[in-house]
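Architecture and fold: a report
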Amino acid sequence: MLRLINKKFIFASLIITLVLIFIINIFVSEFYKNNNNAIIKTKKEDLERISGVRIHQKNKRGEKFLIVAETLQESKTEANKVILENSLTTIDKNGILTEIIAGHAIVSNNYENFDFSNKVKIIKRTRNFVLETKTLVGTLKKGNFSTVDKVKIISGNTKINGNGLDLRKNGEYIKIKGKAVLTMLLSRKNET
């Protein structure tokens, strides 16, 4: 009889323990669920969306920036990220204008680092230079840019297509990745 009671007691203890674990699990998951919602709300509150943006900026080196974008979200974290949608950035460096067009842009570190995506196009009209790609990452201060996506570059009468790009020191070093195709366009003046 004693063995039967011990077996019933052990069985009942196991059932009660399982029920208690189940109840504790429900309370703990509700706590984390509410805590995660608070974290998500905090992250959403850190970003402030502004429509129809026009920013004028001048850095310590005298370069002037004009940024025009459909929307801007500014993070209030340490990274100070600025997220732009459908942006046109114009950089005036000693009278040489550079235009950067991107569907999505993330700029950080006081407008020094950038991450452009969604149909990126860089244009320098005075140098007859156009670069087109899907994404471009780099830093303006050092003049280093790179992408692993296909690139199309037109410079003067030269057209280059490649499978990636590594550009250093504002164009002093350019490496086209993958199988690059170079096409020289003839001037119409020389044809007649």
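Bear in mind that the values here come from a model prediction, so they are computed numbers and not experimental data.

Broken down by element type, the protein carries 2 helices and 12 strands. Taken from the N to the C terminus, the helices and strands of the protein come in the order α-β-β-β-β-β-β-β-β-β-β-β-β-α. Put simply, of all contacts in the protein between residues at least 6 apart along the chain, 30% involve residues at least 24 apart. Carbon and sulfur atoms form 58% of the exposed surface of the protein, whose accessible area is close to 14,000 Å².

Our focus in this paragraph is the pattern of salt bridges. Summed over the entire model, instances satisfying the criterion amount to 3 salt bridges. Glu99 is the partner of Arg125 in a salt bridge, and the nearest nitrogen-oxygen pair spans 3.0 Å. With a gap of 26 residues between them, Arg125 in the loop between strand 5 (113-124) and strand 6 (129-139) and Glu99 in strand 4 (residues 96-108) connect regions that are remote in the sequence. Relative accessible area serves as the criterion here: at 59%, Arg125 is assigned to the exposed category. A salt bridge links Glu132 to Lys121; the shortest N-O distance between them is 3.7 Å. Residue Glu132 is located in strand 6, and its partner Lys121 is located in strand 5; the two are separated by 11 residues in the primary sequence.

In this section: the pairing of strand 8 (residues 151-155). Taken together, the 5 bridges between strand 6 and strand 8 define a ladder with antiparallel strand orientation. Residue pairing in the sheet places Leu131 in a bridge with Ile153 of strand 8. By the bridge criterion, 5 bridges tie strand 8 to strand 9 (residues 158-162) in an arrangement that is antiparallel. Looking at the pairing, Ile153 lines up with Ile160 of strand 9. Taking the residues between adjacent antiparallel strands as the criterion, strand 8 and strand 9 are bridged by 2 residues, where Gly156 takes a positive phi near 65°.

Here is a general trend for soluble globular proteins: nonpolar side chains tend to be buried in one another's company. Of all hydrophobic cores here, the largest spans 27 residues; its most connected members are Leu84, Phe116, Leu136 and Leu165. Those elements that place two or more of their residues in this core are strand 1 (47-58), strand 2 (64-75), strand 3 (82-93), strand 4, strand 5, strand 6, strand 8 and strand 10 (165-168). If sequence neighbours within four positions are ignored, Leu165 has contacts with Leu131, Leu136, Phe145, Ser146, Thr147, Val151, Ile153, Ile174, Lys175, Ile176 and Lys177.

Taken together, the side chains of Phe11, Ile15, Leu18, Val19, Ile21, Phe22, Ile23 and Ile26 make up a nonpolar region of the molecular surface, amounting to roughly 790 Å² of accessible area. Locating Phe11 in the fold gives a position in helix 1 (residues 2-46). Given the relative accessible area of 56%, Phe11 is considered exposed.

Reading guide: rules and limits
Residues numbered from 1 in each chain as written. Predicted model: local features only at pLDDT ≥ 70, side-chain atom pairs only at ≥ 80, totals over all residues. Heavy atoms only, no water. Helix = DSSP H or I, 4+ residues; strand = E, 2+ residues; numbered from the N terminus. Contact = heavy atoms within 4.5 Å. Areas by Shrake-Rupley, 256 points an atom, 1.4 Å probe, with all protein chains shown as cover. Salt bridge = Lys/Arg side-chain N within 4 Å of Asp/Glu carboxyl O. Buried < 20%, exposed > 50% of the residue type's maximum accessible area, 1.4 Å probe, protein only. Pairing = 2+ DSSP bridges. Core = buried A, V, L, I, M, F, W, Y, C linked by side-chain atoms within 4.5 Å. Patch = residues over 30% accessible without salt bridge, like charges linked within 9 Å, V, L, I, M, F, W, Y side chains within 5 Å.

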